[in-house]
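Reading the structure
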Amino acid sequence: MRVVTTAQPLDVQPTPLALLLLGREADPKSERGVECPGDLPSPSDPDLVARARAAKEKLGDKVFILGHHYQRDEVIEFADVTGDSFKLARDAAAKPEAEYIVFCGVHFMAESADILTSDDQKVVLPDLAAGCSMADMATAEQVAECWDVLTEAGIADITVPVSYMNSSADIKAFTGKHGGTICTSSNAKKALEWAFEQGEKILFLPDQHLGRNTAVRDMGLSLDDCVVYNPHKPGGGLTAEQLRNAKMILWRGHCSVHGRFSLDSVNDVRERIPGVNVLVHPECKHEVVAAADYVGSTEYIIKALEAAPAGSKWAIGTELNLVKRLANRFAAEDKEVVFLDKTVCFCSTMNRIDLPHLVWTLESLAEGNLVNQIRVDKETESFAKLALERMLALP
C-alpha cells in the first residue's frame, strides 16, 4: 500500500490486522476468514442451480448439506435439513454415513459440527469468511484474563461459566474445563438453573442480552443482580465489590443483527400496524424484550407463526432472510408478517454463503478436492464436548 504526502512518497506496510480486515491473511484462532481459493462461478451464471444439482447428485450419500435458518433462499434450496446451529450439528452427528458435512452457516457452527461428528467425517464451510461478530467478541485470551480477575476478587471458585452456543470452540472448551455448560436460546433458563445449583454466580458468555433477559425475565433476578464485564477495560471496568455483589457477570458481547432493534422500533410498528403481535429473539436488548408480546428462539418463532390464527399480524425481530421466508410462507394463510425495524438488515456474515460458493464447494468435493475443512484440535474438542454433554444432560 502506498501513502503519498505533499512532501515525499512513503511506503507503508499493512499491519496484520489490516490484512485480516482486507481478507488477505488468515488467523486460525479467529472467526475472521479469507476468500476461498480457486475460481468461483459468476453470481450471474444462469447455470448455477443446474450445476449445484449435478454436483450434489454426483456426491450422493457422501455429502450432507446443513442450512441455517438465516441462510439465503438460494442456499436453503439445496439443504438436506434446516434448523438452528445446535440442531444442525446434532443432525450431522446422526448422519455417520456422510463423508462430507457442508455447513451453510458460520464458523462457530461448523466447529460445533466437527466436535460432535466422527473423526471420519469432514466438515466444510463454503466460505471461510463466514464468521460471527458475536463469537469474535470473546477470545480465549480475554476470557482467561477475566477468570484471573474473578480469582483476584475471590469469587472464581463460586462462579460457573455458561456459554451460549454462539461462541468459538475455544470458549466452549474454557467452559467445559471450568465446570460450566453450554446453552441455546431455547434452554438458557435450564442452563442457568443448573449453574446456580453448582455455584453462587454465573459468568455468561458472550451475549449479554440473552444472559440478562433469561436471568431477569425468566428467572426473576433484578437488573441490579447483573453487571457487564468489558474485556477492553482493566478489570472488566468493574470493581471487586461489584463483582462480589453480582449474581450474573455478563460478557460485553451482542448480536449485530438483533442488537439493532430498539424500543422505537416496537412503538413504531404498533402505531403503523394496529393489533400487531411483536415477536422477538432473546438476543434483543432488554427493553425490546420487555416491550414485546412474545419472546423466543428461532424455532419458537417459527412454531408461533405456524400456530397463529389466520388474519393475525406479526412483527418479527430476528434476521431478515428468515423473516422474508416466513412472510412468503404464511401469506397464503392470510397471516401478515413484517420485519420489526423499518431499516432492513441481513446478517452480513451469514450472507457470505451464497450459491457461487456452494457450487464451488460441491464441485470441488465431487472432483475429490477437499476444500475449507473446519477442524478443532483434540484437546479443545475434548473440553468443548464436555460442556456440550453437560447441556445435553440438562432435564
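The structure contained in this document is the topic of the report that follows.

Calculation criteria
Residues numbered from 1 in each chain as written. Predicted model: local features only at pLDDT ≥ 70, side-chain atom pairs only at ≥ 80, totals over all residues. Heavy atoms only, no water. Helix = DSSP H or I, 4+ residues; strand = E, 2+ residues; numbered from the N terminus. Buried < 20%, exposed > 50% of the residue type's maximum accessible area, 1.4 Å probe, protein only. Contact = heavy atoms within 4.5 Å. Areas by Shrake-Rupley, 256 points an atom, 1.4 Å probe, with all protein chains shown as cover. Pairing = 2+ DSSP bridges. Axes fitted to C-alpha atoms, helices over the stretch in contact; angles between N-to-C directions. Core = buried A, V, L, I, M, F, W, Y, C linked by side-chain atoms within 4.5 Å.

1. A look at the overall build of the chain
If you tally the helices and strands in the chain, you get 17 helices and 15 strands. Counting over 395 residues, the chain shows a buried share of 54%. Relative to all contacts within the chain whose residues are 6 or more apart in sequence, the contacts with residues 24 or more apart total 67%. Taken as a whole, the chain presents about 17800 Å² of accessible surface, with 49% of it coming from carbon and sulfur.

2. Things to note about the pairing of strand β3 (residues 63–68)
Counting buried residues in β3 gives six out of six residues, a clear majority hidden from the surface. Alternating residues of β3 divide into Val 63, Ile 65 and Gly 67 and Phe 64, Leu 66 and His 68, and every residue in both groups is buried. Inspection of the sheet shows β3 paired to strand β5 (residues 100–104) by five bridges, in the parallel sense. Among the inter-strand pairings, Ile 65 is bridged to a residue of β5, identified as Val 102.

3. Concerning unusual backbone geometry
With an omega of -20 degrees, the peptide bond between Leu 205 and Pro 206 qualifies as cis. Relative to the helices and strands, Pro 206 is located in the loop between β9 (201–205) and α10 (208–218). The phi dihedral of Asn 372 falls on the positive side, at around 50 degrees, and the residue is not glycine. Relative to the elements of secondary structure, Asn 372 occurs in the loop between α16 (355–366) and α17 (378–392).

4. Here's the deal with the sheet that holds strand β7 (residues 159–164)
Strand order in the open sheet formed by five strands is β8-β7-β9-β11-β10, with parallel pairing between adjacent strands. Where the open sheet ends on each side, the last strands, each with one partner, are β8 (181–183) and β10 (226–229). Averaged over all pairs of adjacent strands, the angle between strand axes in this sheet comes to 25 degrees, irrespective of strand direction. For β7 and β8, the ladder comprises three bridges, and the chain directions are parallel. Within β8, the residue paired with Val 162 across the bridge is Thr 181. Sheet contacts for helix α8 (residues 169–177): β7, β8 and β9; angle to β7, the most-contacted strand, approximately 150 degrees.

5. Here's the deal with the nonpolar core
Ranked by internal contacts, the top residues of the largest apolar core, which has 103 residues, are Val 102, Phe 204, Met 248 and Val 280. Broken down by element, the residue count for this core peaks at six residues, all from helix α15 (residues 320–331). Look past the residues within four positions of Val 280 in its chain and what remains in contact with it is Val 288, Val 289, Ala 292, Tyr 294, Val 295, Gly 296, Gly 317 and Leu 340. Residues Ala 138, Ile 171, Tyr 229 and Trp 251 belong to the second largest nonpolar core, which totals 20 residues.

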